[in-house]
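# Structural characterization, general
The lines below spell out each chain.
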Amino acid sequence: MGTASNMSKHVLIVGGGYVGMYTALQLRRKMRRQLRSGELSITLVDPQSYMTYQPFLPEAAAGNLEPRHVVVSLRRVLPGVKILNGRVTQVDHAKGQATVQVVESGDAEPKETRTVSYDLLVFCPGSISRTLPIPGLAENGIGFKTVAEAIFLRNHVLRQLDIAASTTNQEARRQALTFVFVGGGYAGVEALAELEDMARDACEYYPDLEASEMRWVLVEASDRILPEVGVDMGQWTVEALRGRGIDVRLKTMLKSAEDRDIVLSDGEEFPAGTLVWTAGVKPNPLVKKTDLPLDDKDRVKATAELTVQGLGNAFTAGDIAAVPDLTKPGEFCAPNAQHAVRQAKVLGGNVVAALRGQELKAYKHAYAGSVASLGLHKGVAQIYGVKLRGIVAWFMHRTYHLSRLPTLNRKARVTADWTLALFFKREVVSLGTLQRPREEFEQATKRY
């Protein structure tokens, strides 16, 4: 296996999220000659062939953005990079090898596995939802980390309105019109606020429904939401949501969700047709199938230069990495999109520097602030200590994330979506059958 000071022949990138994709982009741009000559090869492994820009998932779920416009095709933007669609199941860094289970083809058994050898590793598989052993959660809940979940939730919420408008059973109507979100961080608050805004607009087309009949509940175990924007703005957000009729429950936990019957720690019990779990994330379980050093939170130990601690030919960043926060000695960078985006740039440059035998740069980013969308023309932000709210904060949210969205192609398409939304109302059609594409055909075959 090569060392960081020599020209490595093969770079393996585990994970096709923002960090993985941006690292591959940097390598392509800065080492074109080596790639063309065959001195360098790059393999990127991910189950999906696209990168999802997660901060825009709430807008995609609400119909403000076309879902395909918040994802970037890895094969399109990374020509010359081998994209291997599969899941890395083990990394033996001492041997410079990773085991990959190739993405399934039908019900083929056994699953195809491949061993990929490498000289330099970029380990950034990302995070997964952090769940708890709550009765009924696995059967009735859904997360909010992927574009598939965003599309499903949009169709599901609109389908619940269809059910409520069509049924004569009042209990079924109340259940369909009750939406519960667990977790008061960015994902939970933005997803709830955007979907509630969409559903309220959609009620215009349901003569038998009143927006006031809907019940939206946000459950948060701590005493505040959106801790990133500060105590004052977090409290303002609570009051703003409550002003829209949203039931915000602080210091409250979900105890059970069996049979779609929601039981909260404050003793209240009620039926709900929708349960969304956004109560934090945890490192990808793959970290435990490697010989990389981990901390007590199962994060990969990293240096300020984004190398894996004690290893010169392994790099890491993003949600799964314990990266020292040089602006706060003794602390680590929070696992959020702001750090991931900025770490990706430094990581890409450092991988190039390592391949060239040059000095690596340390990652240091002073906290600039946070922005959050609370629905169309609504938002909250704190930037360099300046507190913003309403349409100004909403505009800042869109502007910031548009600037961070990869590729000019996607920036243009997202801008076009927003421009069209100025003149036309958003679509309120439920395409729930997308989740069951063979249902109609199966029904047809049963008629004979």
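Before going into details, it helps to say that this report is about the structure given with it. Predicted, not measured: the structure shown is a model, and the values here were computed from it.

### Let's talk about the packing of helix H6 (residues 147-166) against helix H8 (residues 186-202)
It is at 11 Å that the axes of H6 and H8 come closest, and there the two elements cross at 40 degrees. Like other packed secondary-structure pairs, H6 and H8 cross with a definite hand, here right-handed. Of H8, the residues touching H6 (which contributes Leu153, Arg154, Val157, Leu158 and Leu161) are Leu195, Met198, Ala199 and Ala202. Grouping the constituent residues of the contact of H6 with H8 by class yields eight nonpolar, no polar and one charged.

### Considerations on the sheet that holds strand E21 (residues 369-373)
A sheet is described by the order of its strands in space; here three strands give the open sequence E21-E22-E23, paired in antiparallel fashion. What marks the edges here is a single partner per strand, and that holds for E21 and strand E23 (386-389). Direction aside, neighbouring strands of the sheet carry axes that sit 10 degrees apart on average. Examined bridge by bridge, strand E22 (residues 379-383) and E23 share four bridges and lie antiparallel to one another. For Val380, the partnering residue across the bridge sits in E23 and is Arg389. Against the sheet, helix H11 (residues 391-404) touches E21, E22 and E23, its axis set at about 105 degrees to E21.

### Topic: a positive patch on the surface
Together, Lys30, Lys345, Arg356 and Lys361 make up a region of like positive charge exposed at the surface. Looking at the element boundaries, Lys30 is found in helix H1 (residues 18-30).

### Side note on the pattern of salt bridges
Applying the stated criterion to the full structure yields 18 salt bridges. Across the salt bridge formed by Asp247 and Arg215, the nearest N and O atoms sit 3.4 Å from each other. Pair noted here: Asp247 is in strand E12 (residues 247-249) and Arg215 is in strand E11 (residues 215-219), with a separation of 32 residues, a long-range link. Exposure remark for Asp247: the relative accessible area of 21% places this residue in the partly exposed category.

### Looking at the packing of aromatic side chains
The way to describe two aromatic rings as a pair is by their centre distance and the angle between their planes. With the rule as written, the count across this model stands at six aromatic pairs. Both rings, one in Tyr18 and one in Tyr22, keep their centres 6.1 Å apart while their planes meet at 5 degrees; by these two values the pair is stacked. One end of the pair, Tyr18, and the other, Tyr22, are both in helix H1, four residues apart, so they sit about a helical turn from each other. With respect to class, Tyr18 is no different from Tyr22; both count as buried. Aromatic pair Tyr53 and Phe56: ring centres 5.4 Å apart, planes at 65 degrees, arrangement edge-to-face. No difference in accessibility class separates Tyr53 from Phe56, as the two residues are buried. Among the aromatic residues, those joined into a ring-pair cluster are Tyr18, Tyr22, Tyr53, Phe56 and Trp418. Looking at Arg215, its charged tip hangs above the ring of Phe270, at a distance of 4.2 Å from the centre. Looking at Arg299, its charged tip hangs above the ring of Phe332, at a distance of 5.1 Å from the centre.

Analysis parameters
- Residues numbered from 1 in each chain as written.
- Predicted model: local features only at pLDDT ≥ 70, side-chain atom pairs only at ≥ 80, totals over all residues.
- Heavy atoms only, no water.
- Axes fitted to C-alpha atoms, helices over the stretch in contact; angles between N-to-C directions.
- Helix = DSSP H or I, 4+ residues; strand = E, 2+ residues; numbered from the N terminus.
- Left-handed = near helix turned anticlockwise from the far one by under 90°.
- Contact = heavy atoms within 4.5 Å.
- Nonpolar A, V, L, I, M, F, W, Y, C, P; charged D, E, K, R; others polar.
- Pairing = 2+ DSSP bridges.
- Patch = residues over 30% accessible without salt bridge, like charges linked within 9 Å, V, L, I, M, F, W, Y side chains within 5 Å.
- Areas by Shrake-Rupley, 256 points an atom, 1.4 Å probe, with all protein chains shown as cover.
- Salt bridge = Lys/Arg side-chain N within 4 Å of Asp/Glu carboxyl O.
- Lys, Arg positive; Asp, Glu negative; His and termini not counted.
- Charge placed at Lys NZ, Arg CZ, Asp CG, Glu CD.
- Buried < 20%, exposed > 50% of the residue type's maximum accessible area, 1.4 Å probe, protein only.
- Phe/Tyr/Trp six-rings, centres within 6.5 Å; stacked < 30°, edge-to-face > 60°.
- Lys NZ or Arg CZ within 6 Å of the ring centre and 35° of its normal.

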